[in-house]
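# Fold and geometry: a report
Chain by chain, the residues:
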Amino acid sequence: MLRLERRPNPSRFWLYATPPVAVVLTMIAGGLLFAAMGKDPVAVIRTIFWEPLFGDFAFYLRGQLLVKAGPLILIAIGLAMGFRAGIWNIGAEGQYIMGAICGAAVGLAVYPTESRLIFPVMVLAGALGGWAWAMIPAILRTRFNTNEILVSLMLVYVAETILAKAATGFLRNPDGMGFPGSRNFSSYPAAANAELFAGSGLHWGGVTAVFVALAAHVLLRHHVLGYQIRLAGQAPRAARFHGVDPTRLVIFCMGLSGALAGLAGLFEVAGPAGQISIDFNSGYGFTAIIVAFLGRLNPLGIVLAGLLMALTYVGGEMASTNMGLPAAAIQVFQGMLLFFLLGVDVLTNYRIRPVKGAR
Amino acid sequence: MLFGTIDPVTLVAALIVASVPILLAATGELVVEKAGVLNLGVEGMMITGAIGGFIIAVATGSPAMGFLGGAIAGALLSLIFAFLTQFLLTNQVATGLALTLFGLGLSSLLGQGYNGIKPPATHPLPFGPLADLPVLGPILFGHDLLVYLSVALVAGTAWVMGRTRLGLIIRAVGENHDAAHSLGYKVVRVRVLCILFGGAMAGLGGAYLSLVRVPQWTDGITAGAGWIALAIVVFASWRPWRVLLGAWLFGGISVLQLNLQAAGSAIPVEYLSMSPYLVTILVLVVMSSGRGRAAVNAPASLGQGFHASQ
Amino acid sequence: MTGGDLLRVEGVGKTYPGVRANEDVSLTIAPGEIHALLGENGAGKSTLVKIIYGLVRPDEGRMLLNGQPYAPAAPREARARGVAMVFQHFSLFEALSVAENVALGMEDAPPMRELAARIRVVSEEYGLPLDPSRRVGDLSAGERQRVEIVRCLLQNPRLLIMDEPTSVLTPQEVKILFATLRKLAAEGTSILYISHKLEEIRALCDRATVLRRGRVVAECDPRECSAAQLAEMMVGQALSPTRRTVKAERGRIVLGVSDLSVPSPFAFGTALKDIRFTVARGEILGVAGVAGNGQDELLMALSGEIVTEPDRVRIDSRPAGDLGPDKRRAMGLVAAPEDRYGHAAAPDMTLTENAFLTGMVRRGLVSRGFVRWRAAREFARQIIADYDVRTPGPDVAARALSGGNLQKFLIGRELEQAPDVIVINQPTWGVDAAAAAAIRQAILNRAAEGAGVVVISQDLDELLEISDRFAVLNEGRLTRPRTTEGLTMEEIGLMMGGAHGMEVAHHAQA
């Protein structure tokens, strides 16, 4: 029999070792899954983790990595701030959609005007859209004590309906011959979020993500607000005793994560996606939850985690085209990663001891 | 007139059927939460039950086996949650989310190749002439076994939780796990069993979706039903009979909005299809703002991990 | 002679990681005997009774019950063999009814209606009246204890273990409890009575076993020992009493509370009703009261965690009732809550981070919104040095410290901020005698330097020792403060509301 024993101090070693160990365990379990599906596990794992970085098409795929990692990092950092404070915004997908719709609407409204101000205003509108959507669960929680998990999640479904309406109705391309989807931003330079260097995959979203990660790191480590976020998550009563106003903290954390998700949505719709369409959103808002935990809710860790998760997306697509691996298998793979991560994390605060005799 | 061409009797009969999946899932989650565990993976367990039940039903040609398979699939998935939260002491919120993400992926993976297949039909119970009664016939005597079983399960849960020693122990564990432990009750064991029950119920509810309600397999078939089930538990203030009320309310809204869409109502389709989610939010607000009653009935240890330190 | 003993414990030992909780502990309890188990916090009393009750398995040694080998693997087995226990904490379910709580502690609980009837009968018989249908969360601390006792009595135990039972009782309630225990003993039930209150043990017990650092250091007849002798056995050294070197002259009023009424933020909390008092410079106001009479709420209303209209709380004559903890600290009021793990401190954070928790404002640990971690660390270091906190350093998590050490750190954190007003709830709860004496001395010193102090405590001896004026918090109301000198126990008991809801039973017995 084994038994868990609480460590007096959290283990520094396991704090950093948890993510790599979880990744290795996921590779093993994932390999078993792929084998069960009749694929060569080694080849699949290699395709996912090696090909995008060093394979024949790496010159293109590395860029794709940044394209996918940008929104994941941006959203995950916002979520992580809330998670640390015990505020569970899990409706980032909805905020992402609403940010995209608001930002795109601004751009499409002034089409075809050319001005340097258009894109910055769109960015602002995107952040505002996500922020406003996140304010709904935030205010309901602070005013009526309503569970923000359920409300923010319900709003994802509402946002998806609005997106469908936008793509087929109020934002539909008037010159699109009745097909759903808005005008494409790639043919509207003043409003487009183009690549900063051709072929690099880096657009303003990636730059913002790096900047936000650094700012969040400084905030958490050195600013009173960051301290209060950590304190509120670990010991809510102590946080009140310290002087944290829970209402303001909820508004701040929800607002921040909503705005960042909205930004990510705008960057995506004006850049890689190009247009508002019924299904332009690809579940980044949910995958970002995995990224946030994989990065140990630490902004710099999230940058690494976002890149790793992007790798599984890009590599997964490779495996899908080259080896016929279903896209859903990658989703399962990502889910397993989160399980292993949460499970291995127990070693940070506990150690395992054999017990004499049965108990 | 809002109801226009919609026949109220058909509507009530339809809402009873429509409410079955969330009713089952919410009843299971109620027991889980009464034991002090918050499992946010209902959506994942439901959809895994939906595909598990669908596959078994198609393979065996028997809907009954399908329902059983769905329950087992849901319970198996919940086993992961039970192991992680009860033995490895992981955060219940995060683990529940992981379960949902994993379940959505897994069901999609397992469901490859099952799109467009028709499952074996589930027939209404033969009530003979009773089924032909006006009004009462379609409402009370026109359904399949699972409809009656789901109501019976609510009754059974209400009885066990309120009247038996087993229910008392479950409530005690959810109320104060330290006290339950010091009296010698096996907190972890009780919770694991409750989680498995919750998983089986969610899986059964999912199977009903794919085998009866829709009836076919499509990715994301649950479309938030699991989350609505979680909301219904709050709505019901953790009381089984009120879960039934809540499930009927939501079943009614979803049936009504579908009917209104079909009837070509003046309200745009989008607003109709988002109505169940908006109503859920509204109900949560109303239930949570009357802080007193609901808060007192919520299990005191809900969502907290338990570790017998010494 | 072994045949005559009810329980024999022989050479029992138990080790936890880093702690030898029990070592070679032996004791015997005769039928009908009231046996005291005496020791400081952390002496190993709890571990020993948990072993006897089947919650913990010993690493070595054996036990005999009625001459038969006794090694309970679970409390169920202990209960089946006639061993019952009344816990100090953690064994009632607030949202459940009295009858349900009782049923959970029984092996073969009868149907609810029958059980309710039996609860009525037994509770009346022993002078502990209870309504089986009431929700435990709505009961007073003394009534809750009755639930526990009745739960045990319904099983006709041969050995009843009582862990610190009087800490939640008024003096009158203590008397009634003692009468009940004597009646039980006369009927042949043995009682293992755990306490660190020496006078109680001298009044009640036939024999005493003294534990220190996990070992039995003495066994005696407490009626033949003086309290001082018992204390010395328990602590291992004679303690010098605290004293006030200088008495600051009563100065101006630094804290004024008037007509303070607030609802409790907790589900089963106690609302404060019309609280009014003042505290002057250099004065210590002691607030007594049995647990659950609004102590937490009073501390929070003073610290700023609960806000009210501005004039309800005045610090140095300036209205502060609507201000949060930060602003009140800036005005000179510091507070130390009772719950160390999660309220006064964040257990998983380091001592440096915990020093910052309240030191931020008065110690200037922030500049332009950024935390001056180096200064915070220096503050933590200073507390550790000045208050003799045993820890490897300021980077250790708070949860790694023992209760007494953490309390010294937390009290030090507040006292080191040069406050004008200090509010402390339970300054020495769960703290060993030496640390408790050090904490009381530190509070007295601050008062001597001119701070006005409010000490909320459930330990009457402590309050009588250090306070100038004395008031009682009872169901959210505060009695008019009286000069401590010359107060008798009888008067204090009446201030505490006598025996809650027991007058009827008392008269019936008399």
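How each quantity is defined
Residues numbered from 1 in each chain as written. Chains lettered and ligands numbered in written order. Predicted model: local features only at pLDDT ≥ 70, side-chain atom pairs only at ≥ 80, totals over all residues. UniProt positions renumbered as here; feature names shortened; annotations may be inferred. Helix = DSSP H or I, 4+ residues; strand = E, 2+ residues; numbered from the N terminus. Rg over C-alpha atoms; globule rule 2.2 N^0.38 Å. Buried ≥ 20, exposed ≤ 12 C-beta atoms within 10 Å, placed from the backbone. Contact = placed C-beta atoms within 7 Å. pLDDT = per-residue confidence, 0-100. Core = buried A, V, L, I, M, F, W, Y, C linked by C-beta atoms within 7 Å. Axes fitted to C-alpha atoms, helices over the stretch in contact; angles between N-to-C directions. Left-handed = near helix turned anticlockwise from the far one by under 90°. Nonpolar A, V, L, I, M, F, W, Y, C, P; charged D, E, K, R; others polar. Expected span 1.5 Å × (residues − 1). Bend = angle between axes of the 7 residues up to and from the residue. Pairing = 2+ DSSP bridges. Right-handed = clockwise from strand over helix to strand, strands pointing away. Parallel < 35°, antiparallel > 145°, perpendicular 65-115°, else oblique.

As annotated in an unreviewed UniProt entry, chain B carries the name Nucleoside ABC transporter membrane protein and comes from Albidovulum inexpectatum. Entered under Subcellular location (unreviewed entry) in the UniProt record, the comment concerning chain B runs "Cell membrane".

An unreviewed UniProt entry annotates chain A as Nucleoside ABC transporter membrane protein of Albidovulum inexpectatum. Looking at the Subcellular location (unreviewed entry) heading of the UniProt record, one finds this comment for chain A: "Cell membrane".

Turning our attention to the overall build of chain B. Looking only at helices and strands, one finds 13 helices and zero strands in chain B. Over its C-alpha trace chain B gives a radius of gyration of 19 Å, about what one expects of a compact globule, namely 19 Å for 310 residues. Each principal axis of the C-alpha atoms in chain B carries an extent, and together these give about 65 × 45 × 40 Å. Evaluated residue by residue, chain B yields a buried proportion of 55% over its 310 residues. Relative to all contacts within chain B whose residues are 6 or more apart in sequence, the contacts with residues 24 or more apart total 78%.

Considering every residue of chain B, the mean pLDDT works out to 88; 95% of them sit at 70 or more. Taken together, the chains of this predicted complex give a pTM of 0.88 and an interface ipTM of 0.88.

With that out of the way, let us pick up the UniProt feature "transmembrane region" (unreviewed entry) in chain A. All names here are of chain A. With numbering aligned to this structure, UniProt lists the feature "transmembrane region" (unreviewed entry) at residues 12–37, 57–83, 95–111, 117–140, 149–171, 202–220, 249–267 and 328–350. Between the end C-alpha atoms of residues 12–37 the distance is 38 Å, and the span holds 96% helix and 0% strand. When the span residues 117–140 is considered, its composition is 96% helix and 0% strand, and the gap between its end C-alpha atoms is 35 Å.

Another point: the nonpolar core. The biggest cluster of nonpolar side chains holds 386 residues, and the ones touching the most others in it are I75(A), A76(A), I77(A), A292(A), I232(B) and I161(C). Apart from residues no more than four positions distant in its own chain, A76(A) is found in contact with A288(A), V291(A), A292(A), G295(A), I302(A) and G306(A).

This part takes up the packing of helix α12 (residues 373–386) of chain C against helix α13 (residues 403–415) of chain C. Residue and element names in this part refer to chain C. Two elements in contact, α12 and α13, have axes separated by 9 Å at closest approach and are oriented at 115°. Seen from above, α12 lies across α13 with right-handed handedness. In this structure, α12 uses I383, I384 and D386 to contact α13, whose residues at the interface are F409, G412 and R413. For the contact of α12 with α13, the class distribution of residues is three nonpolar, one polar and two charged.

Looking now at helix α1 (residues 12–36) of chain A. Residues separated by three or four positions in an α-helix point in the same direction, a consequence of the helix having 3.6 residues per turn. All names here are of chain A. The end-to-end C-alpha separation of α1 is 37 Å, in line with the 36 Å expected for 25 residues at 1.5 Å each. At T18, α1 is deflected by roughly 45°, the largest bend along its length, and proline P19 occurs up to four residues later in sequence. Listed in full, the buried residues belonging to α1 are T18, P19, A22, T26, M27, G30 and F34. The secondary structure elements touched by the buried residues of α1 are α2 (41–49), α12 (284–294), α14 (327–344) and α15 (346–349). Just downstream of α1 lies G38, where phi reads positive at about 85°.

We now examine the pairing of strand β20 (residues 452–456) of chain C. Side-chain direction in a regular strand flips from residue to residue, so the side chains alternate between the two faces of the sheet. Residue and element names in this part refer to chain C. Of all five residues in β20, five are buried, a share of seventy percent or more. Residues of β20 alternate between two faces, with G452, V454 and I456 on one and V453 and V455 on the opposite face, all of them buried. Here strand β13 (residues 284–288) runs beside β20; their pairing, made up of four bridges, is parallel. Looking at the pairing, G286 lines up with V455 of β20. In this structure, strand β19 (residues 421–425) lies alongside β20, joined through five bridges in parallel fashion. Bridge pairing in β20 links V421 to G452. Assessed by its sense of winding, the connection that carries the chain from β19 through helix α14 (residues 433–448) to β20 is right-handed.

With 15 residues of chain B in contact, the opposing surface of chain C contributes 21 residues. For the side of chain B that touches chain C, the elements supplying multiple residues, two or more each, are α7 (165–175), α8 (177–182) and α13 (291–297) of chain B. Tallying contributions element by element places α7(B) first for the side of chain B that touches chain C, with five residues. A class-by-class count of the residues in the side of chain B that touches chain C yields seven nonpolar, four polar and four charged.

Here we come to helix α12 (residues 269–289) of chain B. Residue and element names in this part refer to chain B. Taking 1.5 Å per residue, 21 residues should reach 30 Å; α12 reaches 30 Å between its end C-alpha atoms and fits that length. Along α12, the sharpest kink reaches roughly 45°, centred on S275 and followed within four residues by the proline P276. What α12 keeps buried is the set S273, M274, P276, Y277, T280, I281, L284, M287 and S288.

Interface size is commonly expressed as the accessible surface area that is lost when the partners come together. Taken together, the 39 residues of chain B in the interface contact 36 residues of chain A. Looking at the side of chain B that touches chain A, the elements that each hand over two or more residues are α3 (63–87), α4 (92–110), α10 (225–235) and α12 of chain B. Taken together, the residues of the side of chain B that touches chain A break down into 24 nonpolar, 13 polar and two charged.

Take unusual backbone geometry next. The omega torsion of the bond from Y111(A) to P112(A) falls at 0°, within 30 degrees of zero and hence cis. Along the polypeptide, P112(A) turns up in the loop between α5 (92–109) and α6 (118–144). The phi dihedral of W238(B) falls on the positive side, at around 60°, and the residue is not glycine. Along the chain, W238(B) turns up in the loop between α10 and α11 (240–262). Phi at R213(C) takes a positive value of approximately 50°, unusual for a residue other than glycine. Considering the arrangement of structural elements, one finds R213(C) in the loop between β9 (207–212) and β10 (215–220).

Turning our attention to the sheet that holds strand β1 (residues 7–16) of chain C. Residues and elements named next belong to chain C. With antiparallel pairing, four strands are arranged side by side in an open sheet as β2-β1-β4-β5. Edge positions in the sheet fall to β2 (19–29) and β5 (68–69), since each has one partner strand and no second. Of the pairings in the sheet, the one linking β1 to β2 comprises seven bridges and is antiparallel in character. When the bridges of β2 are listed, R8 appears paired with T28.

Residue and element names in this part refer to chain B. Here helix α6 (residues 145–163) crosses α7 at 75°, and the two axes come no closer than 5 Å. The pairing of α6 with α7 is recorded here as roughly perpendicular in orientation. On α7, the residues touching V160, M161, G162 and R163 of α6 are L166, G167, I170 and R171. In the contact of α6 with α7, the residues fall into four nonpolar, two polar and two charged.

Moving on to the environment of R213(C). For R213(C), a count of 16 C-beta atoms within 10 Å gives the class partly exposed. Spatially, the C-alpha atoms of R213(C) and V19(C) are 9.5 Å apart, while their sequence positions differ by 194 residues.

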